[in-house]
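Letter by letter, the chains look like this.
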Amino acid sequence: MIRSLAVALAALTLSSIACESPHETAVREGDAYAFQEDYARAAKAYEAALLELPGTSPELAKRRAEILLKLGALRQNYLEDLDGALRAYRSASGVPDEALARDARLLAARLFRYRLNDAKAASRELTALLQASVVLPVPVSVYFEAASASFAAEEYDRALELATKVIETSEPDLASRARELSVSVLLLEDRLPEALLGLESLRGAATDPTRRAELDFEIARALEKLGRLDDAKQRYGDARAGAPSDAWLDARLRKLDEALVARDKEVPGARGASGTSIRH
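Residues numbered from 1 in each chain as written. Predicted model: local features only at pLDDT ≥ 70, side-chain atom pairs only at ≥ 80, totals over all residues. Heavy atoms only, no water.

J.: Outline the overall build of the protein chain, listing residues and values.
T.: A tally of regular secondary structure across the protein chain gives 14 helices and 0 strands. Burial analysis of the protein chain (280 residues in total) assigns 40% to the buried set. Within the protein chain, counting contacts between residues at least 6 apart in sequence, those at least 24 apart form 50% of the total. Surface accessibility of the protein chain: about 15700 Å² in total, with carbon and sulfur atoms responsible for 53%. (Helix = DSSP H or I, 4+ residues; strand = E, 2+ residues; numbered from the N terminus. Buried < 20%, exposed > 50% of the residue type's maximum accessible area, 1.4 Å probe, protein only. Contact = heavy atoms within 4.5 Å. Areas by Shrake-Rupley, 256 points an atom, 1.4 Å probe, with all protein chains shown as cover.)

J.: Lay out the nonpolar core with the relevant residues and their values.
T.: Among the nonpolar cores identified, the biggest contains 54 residues, and Y46, L126, L130 and L181 are the most heavily contacted of them. Those residues within four positions of L130 in sequence are excluded, and the remaining contacts are V138, V142, Y143, A146, R158 and L162. Judged by nonpolar contacts, the second largest core, of 21 residues, contains L215, A232, A239 and A259. (Core = buried A, V, L, I, M, F, W, Y, C linked by side-chain atoms within 4.5 Å.)

J.: Can you lay out the packing of aromatic side chains for me, pointing to particular residues and giving the numbers?
T.: One pass over the full model with this rule turns up 5 aromatic pairs. Relative to Y156, the ring of F151 has its centre 5.7 Å away and its plane inclined at 55°; by these criteria the two rings are tilted. What links up through ring pairs into an aromatic cluster is the set F217, Y236 and W248. (Phe/Tyr/Trp six-rings, centres within 6.5 Å; stacked < 30°, edge-to-face > 60°.)

J.: How would you sum up the environment of V27? Please name residues and give values.
T.: The topology assignment puts V27 in helix α2 (residues 22-35). Here V27 is in contact with Y46, A49, R63, I67 and K70, once residues within four sequence places are set aside.

J.: Account for the pattern of salt bridges, with residues named and values stated.
T.: Tallying each qualifying case throughout the model produces 26 salt bridges. A salt bridge links R115 to E80, with the shortest nitrogen-to-oxygen separation between them at 2.8 Å. Remark: E80 occurs in the loop between α4 (58-77) and α5 (82-92) and R115 occurs in helix α6 (residues 98-115); sequence separation between them is 35 residues. The closest approach of N and O atoms between R90 and E125, which form a salt bridge, is 2.8 Å. One end of the pair, R90, is in helix α5; the other, E125, is in helix α7 (residues 119-132), and 35 residues separate them in sequence. (Salt bridge = Lys/Arg side-chain N within 4 Å of Asp/Glu carboxyl O.)

J.: Let's hear about the confidence of the model for the protein chain: which residues, and what values?
T.: Any residue range with low pLDDT should be treated as having predicted coordinates unsuitable for detailed reading. The predicted model of the protein chain averages 88 in pLDDT, with 88% of residues at 70 or higher. Confidence, expressed as mean pLDDT per element, reaches its minimum in the protein chain at helix α1 (residues 2-19) with 42 and its maximum at helix α8 (residues 140-152) with 98. Counting interchain partners and residues more than four positions distant, the pLDDT-below-50 stretch residues 1-18 has 1 contact. Here residues 271-280 scores under 50 on pLDDT; set against residues more than four positions off or in separate chains, the count is 28 contacts. (pLDDT = per-residue confidence, 0-100.)

J.: Outline unusual backbone geometry, supporting the account with residue identities and numerical values.
T.: We note that N117 has phi near 55°; this positive angle belongs to a residue other than glycine. Relative to the assigned elements, N117 resides in the loop between α6 and α7. In this model, E154 sits at a positive phi of 65°, which is unusual for a non-glycine residue. Assignment of secondary structure puts E154 in the loop between α8 and α9 (156-167). Given the relative accessible area of 58%, E154 is considered exposed.

J.: So, the packing of helix α11 (residues 192-205) against helix α12 (residues 209-225): which residues are in play, and what are the values?
T.: One can describe the packing of α11 onto α12 by two numbers: an axis separation of 10 Å at closest approach and a directional angle of 160°. By the angle between their axes, α11 is roughly antiparallel relative to α12. Both α11 and α12 take part in a crossing whose hand is left-handed. Across from L192, L196, L199, E200, L202 and R203 in α11, the residues of α12 making contact are R212, L215, D216, E218, I219, A222, L223 and K225. (Axes fitted to C-alpha atoms, helices over the stretch in contact; angles between N-to-C directions. Parallel < 35°, antiparallel > 145°, perpendicular 65-115°, else oblique. Left-handed = near helix turned anticlockwise from the far one by under 90°.)

J.: Please give an account of the environment of A92 that cites residues and values.
T.: Assignment of secondary structure puts A92 in helix α5. If we ignore the near neighbours within four places in the chain, the residues touching A92 are A65, L68, L69, A101 and A104.

J.: Give me a nonpolar patch on the surface: which residues, what numbers.
T.: A contiguous nonpolar surface patch, about 310 Å² in accessible area, is contributed by V134, V135 and L136. For V135, the position within the fold is in the loop between α7 and α8. Judged by its relative accessible area of 68%, V135 falls in the exposed class. (Patch = residues over 30% accessible without salt bridge, like charges linked within 9 Å, V, L, I, M, F, W, Y side chains within 5 Å.)

Below, the structure written as structure tokens:
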């Protein structure tokens, strides 16, 4: 009885395979080889499946993209063929299916940034992803990833624009990280009054004492550059745990004291007014 059942099941499997299209048979083989960790043969099976696709209907175009994503993942993660993986992702990104095209562009962007160390190319891919999103809403995490890539590519205006979009959402963790990114842009561009407001906001939301000290240190640096020496001295005093070292901070405080004395001698009664800024 058991033998008869096994024979019947084998016959049914053979029948289903016989009815299956050649490209799906090749995909099934590729999946089996991948499960066995025979990645080179799996890649060849997926390549054969792509060649066996019989047309260019929307359904077949979607299936082609799905196979390309499988092939790209194998090439990137197991075969160390980064150029081949990128070609697969680029081909898949042209599919009419918006979700698959987005996945392909996101994978290409991450490959550019983290494996090929090309932040500008990653930023371009993510910009194309955002521009191509018509029907599906874009997750906030993708906006933040695009902002981060733009920052790494030194495209600061773009990074600030995208970070602002993230800040305006209801995702608190990502919004906090986006605020930090936007403050970094403002500091790099010497937009100190705006940066100072952002730093104070981050400091007010911080709960970890070490993080608060680090932010006090950055606030003190901004105040110093703005010439607000009295305020800077006070914040440096609060920032000992966030300074590079006690020796660095002590030397900085001595220089601030010297600058305050020189300012007060130059303009009697000027204590607390804007004056000399000590720059690094």
